[in-house]
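Reading the structure
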Amino acid sequence: MFLGWLALTAALAVQSVLAETHVYNWTTGWGVQNVDGGKDRPVITCNGQWPWPDVRVKKGDRIELYLNNGFDDRNTTLHFHGMFQKNSSQMDGPPMVSQCPIGPGDTFLYNFTVDGNVGTYWYHSHTKGQYQDGMRGAFVIEDDDFPYDYDEDVVLQLGEWYHDVADVLNKDFMSVYNPTGAEPIPQNLIMNNTRNMTWEVEPDTTYLLRIVNTGGFVSQYLWIEDHEMTVVEVDGVYTEKNTTDMLYITTAQRYAVLIHTKNGTSKNFAIMQKFDDTMLDLVPSDLQLNTTNYMVYNKDVALPEQNYVDELDILDDFYLVPHDKVEAYGDPDYQIVVNVTMDNLRSGINYAFFNNLTYTEPKVPTLLTALSAGDDAVNAEVYGSNTHAYVLEKDEIIEIVLNNQDTGTHPFHLHGHVFQAMVRDQAYDDALGEVPHPYLEDDHPAFPEYPMMRDTLYVRPQSNFVVRFKADNPGVWFFHCHIEWHLTQGLAIVLIEDPLSIQASHGQQLTDNHKNVCKNVGIPTKGNAAGNSQDYMNLAGENVQEKFIPTGFTAKGIVAMTFSCLAAILGLITIAFYGLMDIKNVEEKVVHDLDLDITELVGQDDSASEIRDVTK
Amino acid sequence: MAKGSKVFNVSVFFVVFRECLEAVVIVSVLLSFLKQSVGQQDVNIYKRLRKQVWIGVAAGLFICLAIGGGFIGAYYSLQNDIFGSAEDLWEGIFCMIATVMISIMGIAMLRVNKLQAKWRVKIARALLDIPERKRDRFKIGHLTRRYAMFLLPFFTVLREGLEAVVFVAGAGITTQGSSASAYPLPVVVGLIAGTAVGVLLYYGTSKSSMQVFLVASTCILYLISAGLFSRGAWYFENYRYNKATGGDASESGDGNGSYNIRKAVYHVNCCNPELDNGWDIFNALLGWQNTGYLSSMLCYNIYWLVLMIVVGLMMFEEKKGHLPFCKHLTLRQLSPTYWLKNKKKDELTQTQKDELFKKVEKLNFNEDGELGQTAIDTHCDSNASENSKSKLEANVVTMSK
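Basis of the calculations
Residues numbered from 1 in each chain as written. Chains lettered and ligands numbered in written order. Predicted model: local features only at pLDDT ≥ 70, side-chain atom pairs only at ≥ 80, totals over all residues. Heavy atoms only, no water. UniProt positions renumbered as here; feature names shortened; annotations may be inferred. Helix = DSSP H or I, 4+ residues; strand = E, 2+ residues; numbered from the N terminus. Rg over C-alpha atoms; globule rule 2.2 N^0.38 Å. Contact = heavy atoms within 4.5 Å. Lys, Arg positive; Asp, Glu negative; His and termini not counted. Charge placed at Lys NZ, Arg CZ, Asp CG, Glu CD. Buried < 20%, exposed > 50% of the residue type's maximum accessible area, 1.4 Å probe, protein only. Areas by Shrake-Rupley, 256 points an atom, 1.4 Å probe, with all protein chains shown as cover. Pairing = 2+ DSSP bridges. Axes fitted to C-alpha atoms, helices over the stretch in contact; angles between N-to-C directions. Disulfide = S-S within 2.5 Å. Patch = residues over 30% accessible without salt bridge, like charges linked within 9 Å, V, L, I, M, F, W, Y side chains within 5 Å. Salt bridge = Lys/Arg side-chain N within 4 Å of Asp/Glu carboxyl O. Domains from an automatic or database assignment. Polar contact = N/O pair within 3.5 Å; in protein donor to acceptor, adjacent residues only side chain to side chain. Arc of directions from axis to C-beta. pLDDT = per-residue confidence, 0-100.

- As named in an unreviewed UniProt entry, chain B is LADA_0F06502g1_1, taken from Lachancea dasiensis.
- According to UniProt, the comment filed for chain B under the heading Sequence similarities (unreviewed entry) is "Belongs to the oxidase-dependent Fe transporter (OFeT) (TC 9.A.10.1) family."
- The UniProt entry for chain B carries the following text under Subcellular location (unreviewed entry): "Membrane".

- As recorded by an unreviewed UniProt entry, chain A carries the name LADA_0D09296g1_1 and is attributed to Lachancea dasiensis.
- A UniProt comment under Cofactor (unreviewed entry) is attached to chain A, and it reads "Cu cation".

Considering the overall build of chain A
- Along the backbone of chain A there are nine helices and 30 strands.
- In terms of C-alpha radius of gyration, chain A reaches 33 Å, well past the compact-globule figure of 25 Å for 616 residues.
- Its C-alpha atoms put chain A at 145 × 70 × 55 Å along the principal axes.
- When contacts within chain A are restricted to residue pairs at least 6 apart in sequence, those whose partners lie at least 24 apart make up 79%.
- Separation of charge centres in chain A, based on 37 positive and 88 negative side chains, amounts to 5 Å.

With respect to the overall build of chain B
- In terms of regular secondary structure, chain B is built from 15 helices and four strands.
- In chain B, which comprises 401 residues, the share counted as buried stands at 54%.
- Long-range pairs, those at least 24 residues apart, make up 75% of the contacts in chain B with a sequence separation of at least 6.
- Taken as a whole, chain B presents about 17900 Å² of accessible surface, with 65% of it coming from carbon and sulfur.

A closer look at the sheet that holds strand β2 (residues 41-46) of chain A
All names here are of chain A.
- Taken in spatial order, the four strands line up as β2-β1-β4-β6 in an open sheet, and their pairing is mixed. One side of each edge strand has no neighbouring strand; the edge strands of this open sheet are β2 and β6 (107-113). Adjacent strand axes in the sheet meet at a mean angle of 20°, parallel and antiparallel pairs treated alike.
- Bridge count for strand β4 (residues 62-68) against β6 is seven bridges, and the pairing is antiparallel. Bridge pairing in β6 places E64 opposite N111.

Re the UniProt feature "transmembrane region" (unreviewed entry) in chain B
All names here are of chain B.
- In the numbering used here, UniProt assigns the feature "transmembrane region" (unreviewed entry) to residues 12-33, 53-77, 89-110, 147-173, 185-205, 212-234 and 293-316.
- The span residues 12-33 carries 100% helix and 0% strand; its end-to-end C-alpha distance comes to 32 Å.
- Between the end C-alpha atoms of residues 212-234 there is a gap of 32 Å, over a span that is 100% helix and 0% strand.

Focus: the UniProt feature "transmembrane region" (unreviewed entry) in chain A
- Within the UniProt annotation, "transmembrane region" (unreviewed entry) is assigned to residues 558-580 of chain A.
- Structurally, residues 558-580 of chain A comprises 96% helix and 0% strand, and the distance from its first C-alpha atom to its last is 33 Å.

Some words on the environment of E381 of chain A
All names here are of chain A.
- Examined against the element boundaries, E381 turns out to sit in the loop between α3 (366-372) and β22 (389-392).
- Residue E381 is classed as partly exposed on the basis of its relative accessible area of 48%.
- Distance from E381 to N538, taken between C-alpha atoms, is 9.3 Å for residues 157 residues apart in sequence.
- If near-sequence neighbours (up to four positions away) are discounted, E381 is found in contact with M537 and L539.

Some points on the state of the cysteines
- Applying the stated criterion across every chain yields a total of one disulfide over all chains.
- Here C100 of chain A pairs with C518 of chain A through a disulfide, and the sulfurs are 2.0 Å apart. Its S-S torsion of approximately 90° makes the covalent link between C100 of chain A and C518 of chain A right-handed. Residue C100 of chain A is located in the loop between β5 (79-81) and β6, and its partner C518 of chain A is located in helix α6 (residues 512-521); the two are separated by 418 residues in the primary sequence.
- According to the relative accessible area criterion, C518 of chain A is buried, its value standing at 0%.
- In this structure C299 of chain B is not part of a disulfide, and its nearest cysteine sulfur, from C95 of chain B, lies 11 Å away.

Some remarks on the UniProt feature "domain: Plastocyanin-like" (unreviewed entry) in chain A
- Feature annotation in UniProt places "domain: Plastocyanin-like" (unreviewed entry) on residues 32-144, 152-299 and 359-499 of chain A, given in this structure's numbering.
- The span residues 359-499 of chain A shows a helical share of 9% and a strand share of 35%, and its end C-alpha atoms are spaced 20 Å apart.

Re a negative patch on the surface
- A contiguous patch of negative charge on the surface is contributed by D331, D333, E393, E441, D442 and D443 of chain A.
- Turning to its location among the elements, D443 of chain A is positioned in the loop between β25 (419-424) and β26 (453-454).

Details of the domain arrangement of chain A
All names here are of chain A.
- When the domains of chain A are assigned, the result is domain 1 (16-143), domain 2 (148-322) and domain 3 (334-521).
- Measuring from the centre of the C-alpha atoms in domain 2 to the corresponding centre in domain 3 gives 27 Å.
- Contacts between the two partners involve 33 residues from domain 2, matched on the other side by 31 residues from domain 3.
- Linking domain 2 with domain 3 are six salt bridges, by the criterion used here.
- R424 is paired through a salt bridge with D317; the nearest N and O atoms lie 2.4 Å apart.
- In this assembly, domain 2 and domain 3 are joined by 16 residue pairs in polar contact (both at pLDDT 80 or more).
- Broken down by secondary-structure element, the contributors of at least two residues to the side of domain 2 that touches domain 3 are α2 (166-173) and β17 (254-260).
- If you tally residues by element for the side of domain 2 that touches domain 3, the top one is α2, at three residues.

Some words on the environment of R210 of chain A
All names here are of chain A.
- Residue position: R210 is located in strand β12 (residues 206-213).
- Classification of R210 by relative accessible area gives buried; the value is 2%.
- On a C-alpha basis, the gap between R210 and A256 in space is 4.3 Å, while along the polypeptide they are 46 residues apart.
- Sequence-distant contacts of R210, defined by excluding residues within four places in its chain, comprise R56, G119, T120, V140, Y150, D153, V154, V155, L156, E233, Y255 and A256.

Comments concerning α2 of chain A
Residues and elements named next belong to chain A.
- For α2, the set of buried residues is A166, L169, N170 and F173. Buried positions in α2, seen along its axis, are confined to an arc of 100° and lie on one side of it.
- Against the buried residues of α2 lie α4 (484-488).

Topic: the confidence of the model for chain A
All names here are of chain A.
- Per-residue confidence for chain A gives a mean pLDDT of 91; residues scoring 70 or more make up 92%.
- Taken together, the stretch residues 10-14 has pLDDT below 50 and engages in zero contacts with residues farther than four places along the chain or on a different chain.
- Every residue in residues 602-616 is under pLDDT 50, and counting partners more than four places away or in other chains gives 39 contacts.

Observations regarding the pairing of strand β24 (residues 410-414) of chain A
Residue and element names in this part refer to chain A.
- β24 sits mainly inside the fold: five of its five residues count as buried.
- The two faces of β24 match: H410, F412 and L414 on one face and P411 and H413 on the other face are all buried.
- When β24 meets strand β27 (residues 456-459), the two strands line up antiparallel, connected through four bridges. Looking across to β27, one finds that H410 is bridged to V459.

Digging into the side chain of Q157 of chain A
Residue and element names in this part refer to chain A.
- On the secondary structure map, Q157 appears in strand β9 (residues 152-161).
- Side-chain polar atoms of Q157 contact the side chain of T214, separated by 3.3 Å.
- Setting aside anything within four residues of it in sequence, one finds Q157 in contact with D54, R136, G137, A138, I190, M191, N192, N193, V212 and T214.

Put into structure tokens, the structure is as follows:
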């Protein structure tokens, strides 16, 4: 017994001794890069370099990342995608959710420990469109207890690339002239920040390939000619081995796969990426849907041709089983049902909605409201009527039912957790006349025994999914579509998890650095969504979305219609009156109208003067 | 696309209907001339010439229909190639052209007595022209004289018919979502209805009910025309919006985003003439759109305002002989062509007018039905004038108001 205790203490001591602190000092800025071989364009750099470095740490390590905002005209933030941020919710990243945005010239210290996470992650700016301008990188947490064997660990960062910066694209995207909310079409797919990448491999070697889609829009199909991939991890969750020929990866999703290379080196192979072109509003004729990259065994042998497949036979991640075999959570204590729609508001701009609410930033970051609201923090109202906030109680089982009434595929991401995927329905194709299909509690497929767990899950067109998680991580967590365009359109809700525990935790209190950052951008550190720190229930002056477009006639329409009808009636009366009026000298008028030469027509007219008017 | 616009184009119907009423007037004027000059002299010649008139009318009509059909068929088969993505722009331009055409022609044809008088003068002139002009060219002159009663209605109907074809094409093309298949039925129905109504009213009841019908159908044409003007503006607005959005927003449905909300005065998420059954008729007749843009609504109101002013001026001039406040100015003098041609005519006196018709009466048809040389008698005695007067009175429409 004593020995056991001793051994445990020793083990803990060893671990804490081994845990490292990694200090990063990053400054944002602008540079110019030709990423896809197509066009020089501005990119966001890290300390003047691009691409941004990959982060590789061990489980339990501490990160101290100083992010200096080197821009002179915009705020920034950094989000560590998939980190649980246990007891450090303010380090999560999304501006006005968990922190104040970092103003130009300011510095924010992201200081957290990665003890709950292992595997493949990434980091990116959570500020409007910045990661599509290149502000992102892979974040790998190595684990000494990795359950499978491999020889080498390689990161494969997928993405799409635009030839314009997000500023330009956003201006056209959120515009009255983009009434359907058509997302900008990327120019190319990229891999490891280049096009037609070459990966040199050794024969007869097992690689652990960590695949991250760091794009902001399209899902990608990925396959390697003549090589199978064995999935062993999704979004930081180890899975039972599952072998497939092809992966389908939405933005922000990660897959770690084992690939065993061939013995011979006589041939090189194609690594294929393909757009999920169903997500594109239209496919430009010059867009290459397939991009070929190279798995090179032998540099002296010719590079492979593009590889074609007969069908897109992808792995359905829903059926993956976590390695730990976590049993499905029971019936939920709290259910959130959200319906996804897209519509235009009064300005004619297209927005995205959960239950007719498009996420609108509060005046005080939600976490700061939770920390300052005292007992009112458990009341969702203080977080504002337009932030779409839900307050979750400690250790509740939460179920999110998402009904997609839109015809697109959307990858949804929950901060601070991995969730269990209980149901993911098939697609309902509106081209075939099918209508959106909501989740029905009394008519759904059986829940899996050991549901797949991850942090980003896609929903199919006009379909639904159900996820469950346990509210055991006090903090403020964003749940949103990870298509950056849709987040800009407001497709997000905010979950305030166990706010009283956040207040009670020493580690969750605002750092002095954070308070300074708020001060420098003029955002209060206390108060409700409207910035009112006296009366938290008074939301006067909060930010709200534009009004919906009225259906039918408004006052000015009725006025216009009335005037038009009146004008038409008066006009018709005038015509009728004129038409029925008696006319004198008809022939004379007609000859006149026809421009005839009278003398030519009838010759002289000196006689017959006594003839009377015939039209009398 | 609504089913209605695929088989029955309403504007086309009204244009054909309207043109048929006029055709009835033309034919009746011709026949009455014929009856006057030869009817009493020789029944056989009269019958033969009357047959010629009918054959001429039928031939002219047939050729018009053939040309019209070919033209419209060609237009629709080439439509996409010609206009492509700028279709809205072209539709807007066509709308504007059609508006101008209908507006100008509509007033001129508004009154049956004026219409009849117009044709009387026109035909009289044509009849008198033939023998004189063809004096030297014997061969052709012979043929034209022989078949004058065929050729005159033939060319008249052909010319007027081609005008109608342009009208029909204009009215049809500017109907939203129209297709070539939407023409035959309204053309046929319009022909039958127009002729039937024309004959019934012209010969059957009284001239005044013919007048009412003319006014009513002209009113409908003006409603169409005002709608076209408004639609023209609407198409321009739509074209600008579609160009800015890079797609065809109006085809994405009735809902939000199918129109430029910043320029809209009203919008209803239904009743889209391009998509919903039945509303295309309101579109064709009244220019209805489920989105009212500021420009299209303004255009509609301005159209009626201008029309009322113009008609008001015409009424004033008709009563007083000049425009208000300008003793020596008439509407005709406001037209640039009036000064361009520089033919400020003397007024046609009653006498001159009588002379004209008197000459027509004296047209000679020989036993073959050939039109002979007219004995131009400019110095007729008072007896003859009395004669002609009574005949003319039978001929001239008297408004029974």
